[in-house]
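Chain and residue survey
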Amino acid sequence: MTEIRLKIKQRFANTFKSGSPLILKEAIGNLDKLKEEGSLLYLEDEKGDFLGRGYYGRQNKGFGWVLTQKPNEQINQRFFEHRISKALTKRSAFFEDVNTTAFRVLNGEGDGIGGLTIDYFDGYFLLNWYSEGIYTFKEQVVAALKKVTAFKGIYEKKRFNTGGKYIDDDDFVAGERGDFPILVKENGVNFAVYLNDGAMVGVFLDQREVRRSIRDKYANGKRVLNTFSYTGAFSIFAAIGGAEKTTSVDLANRSYEKTIEQFSVNGLDYEAHDIIVQDVFDYYKFSVKKGFTFDVVILDPPSFARSKKKTFSAEKDYKDLLKQTIAITEKKGVIVASTNAAKVSRKKFKHFIDAAFKESGEKYKLLEEHSLPADFAVAPQFPDGDYLKVVFIQKV
Ligand code: SAH
């Protein structure tokens, strides 16, 4: 394929020279050259200096990604073989760990391929395509995977066209079809995973270390409330960590049976726990009325969600969520507050926490903090990719 020569405005040249991989729309001088997504790009500044090679693919973040800064490196199947095998080698400790069989093997620009992530689920690879542009390289990526590693099967999620949302499809790509759910392990705990059943597979891998911490340090003998609980992953870890009881609250109907399933595949009696299908904010009102309190409360809301009555946006509403949480948390209790909202920096997040406690007339202590685990590699020149902020807070 012929390359399009993309003119980068001079004031953006240095960001590319220092290795920033994202091609922002406003950095492009000759936008009219961009026609088909997936076109290969040769980036140069206004003086004609080489800045990198990449591709055109529209995502909410930008107009494409730089894939290499080496003038002699071409974007072809061998390129993908190199990047994928390097990423696999980096995760060798994960592959050797029999207690964890689900993790990320390639994290977009953090592993040199912006727009694509690859997760591993006990022998199966899951490709997440974030633009039509990167999707045009599918054949090469699949051929590269076949060449550099072994697997049972490959599945994919197309997360483009609709602003990063998933396109419903048969997601099978290659190898043998899985018999879902497959059971994967995370630090010895089982998860039932479905790779061909919609956008979400049953577990968010980036919270692995948070789940372990809750199990190993915070759950024993405690009453744990898990809000926005989805399949109850945090509840399972809390239960295994010895929680007196867990309460999982999510407004999606499917969360009920999904949570029962995750308890069951771990040999836990789900009837000893509460699984509630309800709006978290209604559940809070109910708890206040009934005088319910908890020792540990986990907050992992989506960045943005619309329910029948209201919308929740982390940026606008997280502080209020914290205040309502503080009200039902026991003294000495722990709040695990998490957000992946791009617009809420760690600094801003801590500011929300501080303001929520002040406005509630309560004091707190920060116990621990987490960001993305090692398998979610972040490009140093693209700190925006470091999206996860988790803070353990004790109400003192
Ligand atoms: N904490 C989960 C992932 C959360 S995904 C985990 O660790 O696996 C976000 C979840 O929030 C979704 O399951 C969605 O149904 C739920 N949700 C969104 N708005 C909600 C609301 N107002 N009340 C309860 N659940 C909500």
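In this text the structure is predicted, and so the values were computed from the model without any measurement. (Residues numbered from 1 in each chain as written. Predicted model: local features only at pLDDT ≥ 70, side-chain atom pairs only at ≥ 80, totals over all residues. Heavy atoms only, no water.)

With that out of the way, let us pick up the site of the ligand. Lining the immediate surroundings of the ligand are 15 residues, of which F228, D250, L251, V280 and D300 lie closest. Within the backbone of L251, a nitrogen or oxygen atom sits 3.1 Å from a nitrogen atom of the ligand. Measuring from a nitrogen atom of the ligand, one finds a side-chain N or O atom of D300 at 2.8 Å. For the ligand, the protein covers 91% of the area, taking 580 Å² as the surface of the free molecule. Across the shell around the ligand, the residue classes tally to 9 nonpolar, 2 polar and 4 charged. (Near = heavy atom within 4 Å. Polar contact = N/O pair within 3.5 Å; in protein donor to acceptor, adjacent residues only side chain to side chain. Areas by Shrake-Rupley, 256 points an atom, 1.4 Å probe, with all protein chains shown as cover. Nonpolar A, V, L, I, M, F, W, Y, C, P; charged D, E, K, R; others polar.)

As a further point, take unusual backbone geometry. Here the residue pair F180 and P181 is connected by a cis peptide bond, since its omega of 5 degrees sits within 30 degrees of zero. Relative to the assigned elements, P181 resides in the loop between β9 (172-175) and β10 (182-186). Phi is positive for D122, close to 40 degrees, though the residue is something other than glycine. Assignment of secondary structure puts D122 in the loop between β6 (116-121) and β7 (124-129). Backbone geometry at N187 places phi at a positive 45 degrees, although glycine is not the residue there. Here N187 shows up in the loop between β10 and β11 (189-193). (Helix = DSSP H or I, 4+ residues; strand = E, 2+ residues; numbered from the N terminus.)

One pass over the structure, following the stated rule, counts 27 aromatic pairs. Plain terms: the ring middles of Y155 and F172 are 5.4 Å apart, the flat faces sit at 65 degrees to each other, and that makes the pair edge-to-face. Remark: F172 occurs in strand β9 and Y155 occurs in strand β8 (residues 153-158); sequence separation between them is 17 residues. Take F172: its relative accessible area is 22%, and that puts it in the partly exposed class. Members of the aromatic cluster, each reached through a chain of ring pairs, are F94, F95, F103, Y120, F125 and F151. Sitting above the plane of the Y42 ring, R5 keeps its charged end 4.6 Å from the centroid. The ring of Y194 has K258 lying over it, and the distance from NZ or CZ to the ring centre is 4.0 Å. (Phe/Tyr/Trp six-rings, centres within 6.5 Å; stacked < 30°, edge-to-face > 60°. Buried < 20%, exposed > 50% of the residue type's maximum accessible area, 1.4 Å probe, protein only. Lys NZ or Arg CZ within 6 Å of the ring centre and 35° of its normal.)

Functional significance is not addressed by these values, which are geometric in nature.
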